[in-house]
Amino acid sequence: TIRERYFWPTLEMQVFSQEDAETVVKEYLGSRGQEFAGAVKEKFWQLCTPQLATNALFLSTLLHEWRLIDTVTWRHEKHIDKMEFTLSASVEKGTTVCIARLFNLMIDRWEEEHGECAFGDILSLVAISRGGLTEGDILALTQIDPAALATFFHVARELIASKSGP
């Protein structure tokens, strides 16, 4: 398989404790020079309920989004409000639904900021490919402009694994 050919490991994540989640949040935002106290901290933990905080994928995705939207103050509240509305309506449906809806919000923000570059289509292809796709595979399957693919790789660099070499 392509996974074996490129030596991509399969990772299994343990569930975080609330204390682990708080440490991850503090260190992640702190390493990027963002303060995390007062109303900002309270708003974050309203979005990231104890049930959701134990899931590494949800927590890392929310942190990634939080960091990016927090750098543009005038858009921050708009996106936080969208996340709050969407996630509060999803919590009772379970962690998987919350993760899916958070990813949808993230993709919507990417496409809003960078123009429609088929981000959702690319991520869908990567998700169903099991072992990943090469850049050539993505270009052939989506027939998008290479510049749009470069934009996707730039925007999604923290969320996708990339393997260089033969």
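To be clear, the structure that these remarks concern was listed above.
What comes next concerns the included structure. Everything numeric in this text was worked out from a predicted model, so none of it was measured.

**What to know about the overall build of the protein chain**
- If you tally the helices and strands in the protein chain, you get 10 helices and 0 strands.
- The linear arrangement of helices and strands in the protein chain, starting from the amino end, is α-α-α-α-α-α-α-α-α-α.
- Evaluated residue by residue, the protein chain yields a buried proportion of 36% over its 166 residues.
- For the protein chain, the proportion of contacts with a sequence separation of at least 24, taken over those separated by at least 6, is 59%.

**Quick notes on the pattern of salt bridges**
- All told, the structure shown has 3 salt bridges when counted by the stated rule.
- Notably, a salt bridge pairs Lys43 with Glu84, separated by 3.0 Å at the nearest N-O pair. You can see Lys43 sitting in helix α3 (residues 38–47) and its partner Glu84 sitting in helix α6 (residues 73–88), a full 41 residues away along the chain.

**What to know about the environment of Ala56**
- You can see Ala56 is positioned in helix α5 (residues 56–70).
- Classification of Ala56 as buried rests on a relative accessible area of 15%.
- A sequence separation of 43 residues divides Ala56 from Met13, and the C-alpha atoms of the two residues are 7.1 Å apart.
- Here Ala56 is in contact with Met13 and Phe16, once residues within four sequence places are set aside.

**What about the packing of helix α9 (residues 135–142) against helix α10 (residues 146–155)?**
- One way to put it is that α9 packs onto α10 with a least axis distance of 11 Å and a crossing angle of 125 degrees. In terms of orientation, α9 and α10 fall into the oblique class. α10 is crossed by α9, and the crossing has right-handed handedness. Listed contacts from α10 to Glu135, Ile138 and Leu139 of α9 are Pro146, Leu149 and Phe153.
- In the contact of α9 with α10, the residues fall into 5 nonpolar, no polar and 1 charged.

**Description of the nonpolar core**
- Counting 25 residues, the largest nonpolar core has Phe44 and Phe58 as its most contacted members.
- For this core, the secondary structure elements donating two or more residues are α2 (18–31), α3, α4 (50–53), α5, α6 and α7 (95–114).
- Those residues within four positions of Phe44 in sequence are excluded, and the remaining contacts are Val25, Phe36, Leu59, Leu62, Leu63 and Trp66.
- Residues Ile107, Trp110, Ala118 and Ile144 belong to the second largest nonpolar core, which totals 14 residues.

**Overview of the packing of aromatic side chains**
- Taken as a whole, this structure holds 6 aromatic pairs when the rule is applied.
- Here the aromatic rings of Phe44 and Trp45 are separated by 5.1 Å at their centres, their planes lie at 90 degrees, and the arrangement is edge-to-face. Trp45 carries the same exposure label as Phe44, and that label is buried.
- Centre to centre, the rings of Trp110 and Phe152 are 6.3 Å apart; their planes meet at 80 degrees, and the pair counts as edge-to-face. Within this pair, whereas Trp110 is found in helix α7, its partner Phe152 is found in helix α10, the two being separated by 42 residues in sequence. Both residues of the pair, Trp110 and Phe152, belong to the buried class.
- Each residue in the set Trp110, Phe119, Phe152 and Phe153 is aromatic and connected to the rest through ring pairs, giving one cluster.

**Notes on the packing of helix α8 (residues 119–128) against α9**
- One can describe the packing of α8 onto α9 by two numbers: an axis separation of 11 Å at closest approach and a directional angle of 120 degrees. If you check the angle between α8 and α9, you find them oblique. Considering how the two elements wind past one another, α8 and α9 form a crossing that is right-handed. Here α8 contributes Ile122, Leu125 and Val126 to the contact with α9, which in turn contributes Ile138, Leu141 and Thr142.
- The residue makeup of the contact of α8 with α9, split by class, is 5 nonpolar, 1 polar and no charged.

Rules used in this analysis
The residue numbers shown here count from 1 along each chain, following its written sequence. Two thresholds apply to this predicted model, a pLDDT of at least 70 for residue-level local features and 80 or more for giving and counting side-chain atom pairs, whereas whole-chain, interface and lining totals are computed over all residues. Side-chain measures here rest on the full set of heavy atoms in the structure, leaving out hydrogens and waters. Counting from the N terminus, the helices are the DSSP runs of H or I reaching at least four residues and the strands are the DSSP runs of E reaching at least two. Classification of residues uses two cut-offs on accessible area relative to the type maximum, computed with a 1.4 Å probe and protein chains only: under 20% is buried, over 50% is exposed, and between them is partly exposed. Throughout, a residue-residue contact means that at least one pair of heavy atoms, one from each residue, lies within 4.5 Å. We define a salt bridge as a side-chain nitrogen of Lys or Arg found within 4 Å of a carboxyl oxygen belonging to Asp or Glu. The axes are straight lines fitted to the C-alpha atoms, using for helices just the contacting stretch, and the angles between their N-to-C directions are given from 0 to 180°. Orientation categories follow fixed angle ranges, with anything under 35 degrees roughly parallel, anything over 145 roughly antiparallel, 65 to 115 roughly perpendicular, and all other angles oblique. In this scheme, a crossing is called left-handed if the near helix is turned counterclockwise away from the far one by less than a right angle; it is called right-handed if the turn is clockwise. Gly falls in the polar group here, along with every residue not listed as nonpolar (Ala, Val, Leu, Ile, Met, Phe, Trp, Tyr, Cys, Pro) or charged (Asp, Glu, Lys, Arg). By nonpolar core we mean a set of buried residues, namely Ala, Val, Leu, Ile, Met, Phe, Trp, Tyr and Cys, connected to one another through side-chain atoms within 4.5 Å. Aromatic rings from Phe, Tyr and Trp, taking only the six-membered ring of Trp, are treated as a pair when their centres fall within 6.5 Å; an angle between ring planes under 30 degrees marks them as stacked, one over 60 as edge-to-face, and anything in between as tilted.

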